Amino acid sequence: KKGEAWSARFSEPVSDLVKRYTASVFFDKRMWKADIEGSLAHAEMLAAQGIIPTADLEAIRGGMAQITAEIEGGQFEWLLDLEDVHLNIEKRLTELAGDAGKRLHTGRSRNDQVATDIRLYVRSAIDDITALLTQLRSALVDLAEQHADTILPGFTHMQVAQPITFGHHMLAYVEMFGRDAERMADCRKRVNRLPLGAAALAGTTFPIDRLRVAQNLGFDDVCHNSLDAVSDRDFAIEFTAAASLIMTHVSRMSEELVIWMSPRVGFIDIADRFCTGSSIMPQKKNPDVPELARGKTGRVYGHLMGLLTLMKGQPLAYNKDNQEDKEPLFDTVDTVVDTLRIFADMAGGITVKPEAMRAAALQGYATATDLADYLVKKGLPFRDAHEAVAHAVRTCVDANCDLADLSLEQLRAFSPLVGEDVFEVLTLEGSVAARDHVGGTAPNQVRAAIARVRAQLAGN
Ligand code: ARG
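Residues numbered from 1 in each chain as written. Predicted model: local features only at pLDDT ≥ 70, side-chain atom pairs only at ≥ 80, totals over all residues.

Student: Explain the domain arrangement of the chain to me, please; I cannot follow it from the model alone.
Tutor: Interface size is commonly expressed as the accessible area that is lost once the parts come together. When the domains of the chain are assigned, the result is domain 1 (15-106), domain 2 (111-144 + 166-206 + 220-359) and domain 3 (363-459). A separation of 69 Å is found between the C-alpha centroids of domain 1 and domain 3. (Domains from an automatic or database assignment.)

Written out as structure tokens, the structure is:
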């Protein structure tokens, strides 16, 4: 008579196929800790309010301690017949604690129970992800510091644009991951509200104390409408959207790492422990980790779309559709956590090749804008300066040389304003050092930005 959870109302057992179809225990059992935590807080409140005897609370606590030991020890028997994590734990509790176990569900429904569990689960995922973002940011800041002066070409349209420093480039990602951490913190505010007490949908007839439960579980507030409390999954969507943006940033970075590591470009090497070889081509060392991260970004986006679609047609309040929120959510957490962990580690395994970066920056007239700015500072209107330099570049393209290779006389042919001091602005070092304002690529600005981020990271 295992697992007849619905009892008297039913005249025949649920078919095996339907049992398997409706069961969620094989994926929602990962919320067991949150489920027990939520149940203990609920029981504590029931006892404090005189809804159950104190002796029952003690029996429930004892039973839950035993169940915790069984789950942690791998001896807990999860039964498909008992549908989900909630019923599995409750059934075992009743075996261990008798009637006290049967009283636990007083004033509660699985609808508010599951909503509470997911919020506890997502809250702890947010805390993990936030810590990992901090690790990744500080690893990138370290890399930025080592290369505050290392020059590489900055690109627009994948064409050499202007010289930048590698430190500055790394700090761009530090900014992105910093916004991701802010988004996680903001999302956490809305996650951190207690649904318990909403019961099935309308609340309960028992004199419950929701604020007490909220406080015990570390929630900032309760959900203020019972219908909304059991049926809202906005917080899961919001979390997955923030996770998607993290993956967007990881994916952009991955794309760059792959390009930079290509032998054609050769800007960086990635430590062997993050790469794999080819089963046929002995010479290969492939950047599998960034490629896979770029690929996994797609699955997180898919989960976001899945969750949005899951919600759009649901009338109030709880519907079983909501059970489908878990797998996308769990997979999002796993993917983001694993990816951030690996990237934080991999950042330390990136070897920068300054000569290759420098050589690339010297091709493609990266200092053309500097020459135009130089002419402007000598009094030429910017549009005229732009035109004069365009002519100079055209000449260099035909002659297959760099702007700095032209003689002073050749340069003067494009504008008589050119003087001896022009060659300083045509150097890569002069170009980056001149962009000396907040947010600019000048090495001393990069160092100032590093100090700012470090102070911020230390404050976390
Ligand atoms: N496993 C269910 C879920 O994930 C728990 C809530 C079930 N409630 C219900 N009325 N069937 O949503």
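Student: In this structure, what is going on with the nonpolar core? I would like to understand it.
Tutor: Side chains of a nonpolar character, in soluble globular proteins, are inclined to be buried together. In this structure, L136, L140, A144 and L371 are the most contacted members of the largest nonpolar core, which totals 120 residues. Considering every element that reaches this core, the biggest residue donor is helix 7 (residues 110-146), with 17 residues. When near neighbours in sequence (up to four residues on either side) are disregarded, A144 contacts G167, M170, L171, V174, V446 and I450. (Core = buried A, V, L, I, M, F, W, Y, C linked by C-beta atoms within 7 Å. Buried ≥ 20, exposed ≤ 12 C-beta atoms within 10 Å, placed from the backbone. Helix = DSSP H or I, 4+ residues; strand = E, 2+ residues; numbered from the N terminus. Contact = placed C-beta atoms within 7 Å.)

Student: What am I meant to see in the UniProt feature "domain: Argininosuccinate lyase C-terminal" (unreviewed entry) in the chain here?
Tutor: With numbering matched to this structure, UniProt assigns "domain: Argininosuccinate lyase C-terminal" (unreviewed entry) to residues 365-433. As annotated, residues 365-433 comprises 64% helix and 0% strand, and the C-alpha atoms at either end are separated by 17 Å. (UniProt positions renumbered as here; feature names shortened; annotations may be inferred.)

Student: Explain the packing of helix 7 against helix 11 (residues 234-261) here, please?
Tutor: The relative placement of two packed helices comes down to the angle between their axes together with the axis-to-axis distance. Closest axis-to-axis distance for the helix 7/helix 11 pair is 11 Å, and the angle between their directions is 20°. The angle between helix 7 and helix 11 falls in the class roughly parallel. Here helix 7 runs over helix 11; the crossing is left-handed. Residues I118, R119, V122 and I126 of helix 7 touch helix 11, and the partners they reach there are F235, A236 and F239. Per-class residue counts for the contact of helix 7 with helix 11 are six nonpolar, no polar and one charged. (Axes fitted to C-alpha atoms, helices over the stretch in contact; angles between N-to-C directions. Parallel < 35°, antiparallel > 145°, perpendicular 65-115°, else oblique. Left-handed = near helix turned anticlockwise from the far one by under 90°. Nonpolar A, V, L, I, M, F, W, Y, C, P; charged D, E, K, R; others polar.)

Student: How should I be thinking about the site of the ligand in this particular structure?
Tutor: Neighbouring residues of the ligand: S24, D28, D84, R110, N111, V114, Y318, K320, N322 and Q323. Considering each element in turn, the shell around the ligand owes the most residues, three residues, to helix 7. Per-class residue counts for the shell around the ligand are two nonpolar, four polar and four charged. Both domains that furnish three or more residues to the shell around the ligand are identified here as domain 1 (15-106) and domain 2 (111-144 + 166-206 + 220-359). (Near = placed C-beta within 6 Å.)

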